[in-house]
Amino acid sequence: MVAIENEYGGNMEINHVCDHNYTYFLRDLFWSILGNDVVLYTTDSADSPPAIQCGHVNGTFTTVDFDTDNLDYQTIVNHFKLQQSFNPDNGGPGVDSEYYDGWIVNWGSSYYSIFHQIQRVINDFTGMYSLNASWSVYMFHGGTNFGFQNAWNVITSYDYAAPISENGDVTPLYVAIRNMIQNFTDWDTPPQAIPQNNTKVNYGTVALQRVGTNLISTLTQILESCTTSTYPMTFEQINHGYGFVLYTTTLQKSGKTLSIPGIRDYGYVFLNNVYQ
C-alpha cells in the first residue's frame, strides 16, 4: 500500500484549496513507476466528510483516521461507514490508517494531560477488532524531533504517549494492548513475554563550547556552502530541503521600507548584526 499525500483534504479546510489535478497527477505518477501491483490509498479525518471528499482520488482506496478522544462503539461504526461510502459499492475493509493513541506536546503544555487514556485505547481496539477492521497505531514507538523536524510549537520529544516510549521503554499502554491481544482466542500469533526495559546510564555533565559571539558570526563559521546571486534564491533553487538560509548583502544606501513578498514561513532581519 502506498499513500497519495497525507490528509490532503485538510488543506481545503485550512487554505480553502482542493486541487484534484495535483492528486490525480500523483496517482498516475505512482502507477507509472510502481505498476498496478500496489494499492494506492488516501487518508483524511473521519470527523470531516468535506476533507475526505477533497482528499478522495478515483481509482484509489479511501481510508480515514481518528483518535481516542472519547469514542464510543457507534462512532467507530459510523466512521467506517463514512469511509466505505467513498469506495466502490460502499465496500472494502474498514481502515483507520492513523489511529492516534496520544498526541504531540506543545511548549508550555502539560505532558499527556489529555490523551494518555489507556482504557479508551483498549475499548477502541476491541471495537475495531470486532468489526474486522484494520488500523495502524500512530505512534506505536515514540520518537524524537531532531534538528528542524519538529513544528514551530512542538517540543523535541515526539513520544506521543506511545506504547513504547521515546527511550524504548515498555509502558503500561503496551502491557494493556498485549494483554488485550492475549485474550483474543482467534488471534493466530499470541504475544510473547513482555521485554525488559533497557538499563539507563547517567552521562553526567556535558561541557558546551561557545562558537561565535553573535548569530551572524556563528552562522558564518558553520556555513556549508555559499552561493552568489543577484537576487535572493529560494530553498529549491539552492537544493536546501529545510532549516535556515542566511542571506547577506551590503547596502549602498539606506531606506525606510523592506519588502520581501516571497517569504513562505519566517524571516529574521539583522542590520549590522542587530536584530530588527
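Residues numbered from 1 in each chain as written. Predicted model: local features only at pLDDT ≥ 70, side-chain atom pairs only at ≥ 80, totals over all residues. Heavy atoms only, no water.

Here's the deal with the UniProt feature "domain: Beta-galactosidase 1-like first all-beta" (unreviewed entry) in the protein
- Annotation from UniProt places "domain: Beta-galactosidase 1-like first all-beta" (unreviewed entry) at residues 232-276.
- As annotated, residues 232-276 has a helix share of 0% and a strand share of 9%, and its two end C-alpha atoms lie 19 Å apart. (UniProt positions renumbered as here; feature names shortened; annotations may be inferred. Helix = DSSP H or I, 4+ residues; strand = E, 2+ residues; numbered from the N terminus.)

Points about a nonpolar patch on the surface
- A contiguous nonpolar patch, built from Phe148, Trp152, Tyr242, Phe244, Tyr266, Tyr268 and Tyr275 and spanning about 980 Å² of accessible area, is present on the exposed surface.
- Summarising the element assignment, Tyr275 is placed in strand β9 (residues 274-275).
- Taking the relative accessible area as the measure of exposure, Tyr275 reaches 51% and is therefore exposed. (Patch = residues over 30% accessible without salt bridge, like charges linked within 9 Å, V, L, I, M, F, W, Y side chains within 5 Å. Areas by Shrake-Rupley, 256 points an atom, 1.4 Å probe, with all protein chains shown as cover. Salt bridge = Lys/Arg side-chain N within 4 Å of Asp/Glu carboxyl O. Buried < 20%, exposed > 50% of the residue type's maximum accessible area, 1.4 Å probe, protein only.)

Some details on the pattern of salt bridges
- Scanning the model with the defined rule gives two salt bridges in all.
- For the salt bridge of Asp28 with Arg27, the shortest nitrogen-to-oxygen distance reads 2.9 Å.
- Judged by relative accessible area, Arg27 falls into the buried class, the value being 13%.
- In this structure, the salt-bridge partner of Asp169 is Lys200, at a minimum N-O distance of 2.8 Å. Of this pair, Asp169 sits in the loop between β7 (157-158) and α6 (172-182) while Lys200 sits in the loop between α6 and α7 (215-222), placing them 31 residues apart in sequence.
- Residue Asp169 is classed as buried on the basis of its relative accessible area, which comes to 16%.

Let's talk about the nonpolar core
- If you look at the biggest cluster of nonpolar residues, it comprises 21 residues, and the most contacted ones within it are Phe66, Phe80, Tyr99, Phe125, Met128, Ile177 and Met180.
- Looking at this core, the elements with two or more residues in it are β3 (61-67), α4 (73-85), α5 (118-130) and α6.
- At five residues, the largest contribution of residues to this core is made by α6.
- The residues contacting Ile177, other than those within four sequence positions of it, are Ile122, Phe125, Phe140 and Pro163.
- Grouped together as the second largest cluster of nonpolar side chains are five residues, Met139, Tyr158, Tyr160 and Ala162 included. (Core = buried A, V, L, I, M, F, W, Y, C linked by side-chain atoms within 4.5 Å. Contact = heavy atoms within 4.5 Å.)

Considering α6
- Turning to α6, its buried residues are Leu173, Tyr174, Ala176, Ile177, Arg178, Met180 and Ile181.
- In this structure, the buried side of α6 is in contact with α5.

Details of the packing of α4 against α5
- Running from N to C, α4 and α5 point in directions that differ by 50°, and their axes come no closer than 10 Å. By the angle between their directions, the pair α4 and α5 is classed as oblique. Considering only the axes of α4 and α5, their crossing is right-handed. Taking contact as the criterion, the partners of Tyr73, Ile76 and Phe80 in α4 are, on α5, Asp124, Gly127, Met128 and Ser130.
- Tallied by class, the residues present in the contact of α4 with α5 amount to four nonpolar, two polar and one charged. (Axes fitted to C-alpha atoms, helices over the stretch in contact; angles between N-to-C directions. Parallel < 35°, antiparallel > 145°, perpendicular 65-115°, else oblique. Left-handed = near helix turned anticlockwise from the far one by under 90°. Nonpolar A, V, L, I, M, F, W, Y, C, P; charged D, E, K, R; others polar.)

Focus: the environment of Thr156
- Structurally, Thr156 can be placed in the loop between β6 (143-144) and β7.
- Sequence spacing of Thr156 and Met139 is 17 residues, and the spatial spacing of their C-alpha atoms is 15 Å.
- Among all residues touching Thr156, those that are not within four sequence positions of it are Trp107, Thr144, Asn145 and Glu166.

Details of the packing of α5 against α6
- Interaxial distance between α5 and α6 falls to 10 Å at its minimum, and their mutual angle equals 30°. In this view, α5 runs roughly parallel relative to α6, as classed from their interaxial angle. Relative to α6, α5 is oriented so that their crossing is right-handed. Contacts between α5 and α6 involve Ile118, Val121, Ile122, Phe125 and Thr126 on the former and, on the latter, Pro172, Leu173, Ala176, Ile177 and Met180.
- When its residues are assigned to classes, the contact of α5 with α6 shows nine nonpolar, one polar and no charged.

Side note on the sheet that holds β3
- Overall, parallel pairing links the five strands, which are arranged β1-β2-β3-β4-β5 in an open sheet. Strands at the two margins of the open sheet, each flanked by one partner only, are β1 (2-3) and β5 (134-138).
- Bridge count between strand β2 (residues 40-45) and β3: five bridges; the pairing is parallel. Across the sheet, residue Ser45 finds its bridge partner in β3, namely Asp65.
- Docked against the sheet, α5 engages β3, β4 (95-100) and β5, running at close to 175° with respect to β4. (Pairing = 2+ DSSP bridges.)

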